[in-house]
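# Summary of structural features
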Amino acid sequence: MQVAVVGGGVNGVCTAYFLAEAGHEVVVLERYGNVAQETSFGNAGMVAPAHAAPWAAPGMPGKILSYLWKSEAPVLIKAKFDPALWRWMRRWLDECKLDRFLVNRARMQRLASYSQQMLRLLREHHSLDYERTSGVLQLFRGEPDLRMAQPALEWLQRCGMEHRLLDADAARALEPALSGETPLAAALHLPRDESGNCPQFTRQLKKIAQDMGVGFHFNTQVEAISPRNGRIDLTLGGQAFSADAVVLAAGSESQRLLRGSGISLPFYPVKGYCGTAVIKDFDAAPLAALADETYKVAITRMGSRIRIAGAAELGSRSSDLHAAALRTLIKVGEDWFPRATNFHSATFWCGARPMLPDGVPLLGATPVRNLYINIGDGASGWAMAAGAGKVLADLISGRSTDIDLDGLTMARYG
């Protein structure tokens, strides 16, 4: 079968790899000049099933309100009249209820755990090296954040996922460079989770996919998608290109292309930020990955560099760097690892991630015959990518999937 994958991020490249492995003739259409140039480029680096959770969580609405007038905040809202934003926010508030949070987290964890297995198989089979580190440490600055985490801690216990709740001394013994000046009430150690360099992984997998026969067409903008006699036509530069099947894995561009096919889903572009800085003092740098639960910022070690990522911004559709978001990232970096590097001199990036109110990705078929989707994973793209790619390849090949797809397909939106 001839399959076109729209999008050369980590989701698209993983999908293309598994499709080629299943024996399909595959092309990847990417609007930038290489793979992993947009949201995959700014990925925090977490591959963490135990840490994967939706933003829509009990206590989050109050937490956002408490930070609205502070100079650093985990979520920034540009107050303006945007009906799409307020419709999305109303649905997001409904998903913050405890019962919805538990359902959504279980769905994310099911895909993320499977994806971690697929990633491990890829790494071992192809001897991939992408600056991987083992273990994730969630940091709770105070008792309010620890109380807010109780539903998640109880969920980990019920699921039997390996974890340890540590006091401040034990956390600093595990990460000796953690600053003693920043208050730390407790930390959650997730030893089975991991992190690494998402763009580096994606480029390596692209080369392997090319050797398997996958064609990559860069600087190629897909203008429209339309069904025709059981096949799918794609308009590229005014010219029509036809395929037996199409997989949309194009991030924020997917929403536009779906609309043109008559499909409407409650996505909203949430702008995420990251900064990457060269380590100056390796003794003062983190050994692995951490997550500041107060500010919802991840700190990951990538070889000789540190990445800080987080600070979601709602209501802005521009590519401008918001000063308050940069202050948040810099504060978290300096609070925990003040001597490791000069976080002010980091290279900063921002980009839009299409997010659904419940935070759970969408995989599989659409109402348009032979049009498939692999989108909506927000900031958890790499954590889901390998598993999502294998699922798509199985579905298109007419095979049973290795995991239950309940709650992961368009069926959850009727």
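Residues numbered from 1 in each chain as written. Predicted model: local features only at pLDDT ≥ 70, side-chain atom pairs only at ≥ 80, totals over all residues. Heavy atoms only, no water.

### Quick look at the layout of surface pockets
Which entries qualify depends on this criterion: Method remark: on a 1 Å grid restricted to protein atoms, a set of points is classed as a cavity if a 1.4 Å probe fits but cannot get out and as a pocket if it is open with protein on both sides within 12 Å along at least five of seven lines; lining residues have an atom within 4 Å of a point. Grid points are joined across faces, edges and corners, and a volume is the space filled by probe spheres set on the points. The numbering of helices and of strands both runs from the N terminus, where a helix is a DSSP run of H or I of at least 4 residues and a strand a run of E of at least 2.
The calculated volume of the largest pocket comes to roughly 420 Å³. Sorting the residues of the lining of the largest pocket by element identifies α3 (83-95), α9 (252-260), β13 (268-278) and β17 (347-355) as the ones contributing at least two each. For the lining of the largest pocket, the leading source of residues is β17, giving 5 residues.

### Let's talk about the pairing of strand β7 (residues 186-195)
Inclusion rule: Only protein chains enter the calculation, and the probe is 1.4 Å; a residue is then buried if its accessible area is under 20% of its type maximum, exposed if over 50%, and partly exposed in between. A pair of strands is considered paired only if DSSP assigns at least 2 bridges between the two.
Among the 10 residues in β7, 8 count as buried, and that is most of the element. Pairing geometry for strand β6 (residues 164-166) and β7, over 3 bridges, is antiparallel. Of the residues in β7, the one forming a bridge with Leu165 is Leu188.

### Quick notes on the packing of helix α4 (residues 98-126) against helix α6 (residues 150-159)
Rules: Angles run from 0 to 180 degrees between N-to-C directions of axes, and those axes are lines fitted to C-alpha atoms, restricted for helices to the stretch in contact. For classification purposes, angles smaller than 35 degrees are called roughly parallel, those larger than 145 roughly antiparallel, those between 65 and 115 roughly perpendicular, and all remaining angles oblique. Crossing chirality is assigned from the near helix's rotation relative to the far helix, an anticlockwise turn below a right angle marking it left-handed and a clockwise turn marking it right-handed. Should any heavy atoms of two residues lie within 4.5 Å, those residues are considered in contact. Under the scheme applied here, ten amino acids are nonpolar (Ala, Val, Leu, Ile, Met, Phe, Trp, Tyr, Cys and Pro), four are charged (Asp, Glu, Lys and Arg), and all others, including Gly, are polar.
For the pair α4 and α6, the least separation of the axes is 11 Å and the interaxial angle reads 50 degrees. The angle between the axes of α4 and α6 places the two elements in the oblique class. Here the hand of the crossing between α4 and α6 comes out right-handed. The residues of α6 that touch α4, namely those facing Leu98, Phe101, Leu102, Arg105, Ala106 and Gln109, are Pro151, Ala152, Trp155, Leu156 and Arg158. Grouping the constituent residues of the contact of α4 with α6 by class yields 8 nonpolar, 1 polar and 2 charged.

### Concerning the environment of Tyr114
The topology assignment puts Tyr114 in helix α4. Of the residues examined, Tyr114 reaches a relative accessible area of 5% and is grouped as buried. Sequence separation between Tyr114 and Ala383 is 269 residues; the distance between their C-alpha atoms is 9.6 Å.

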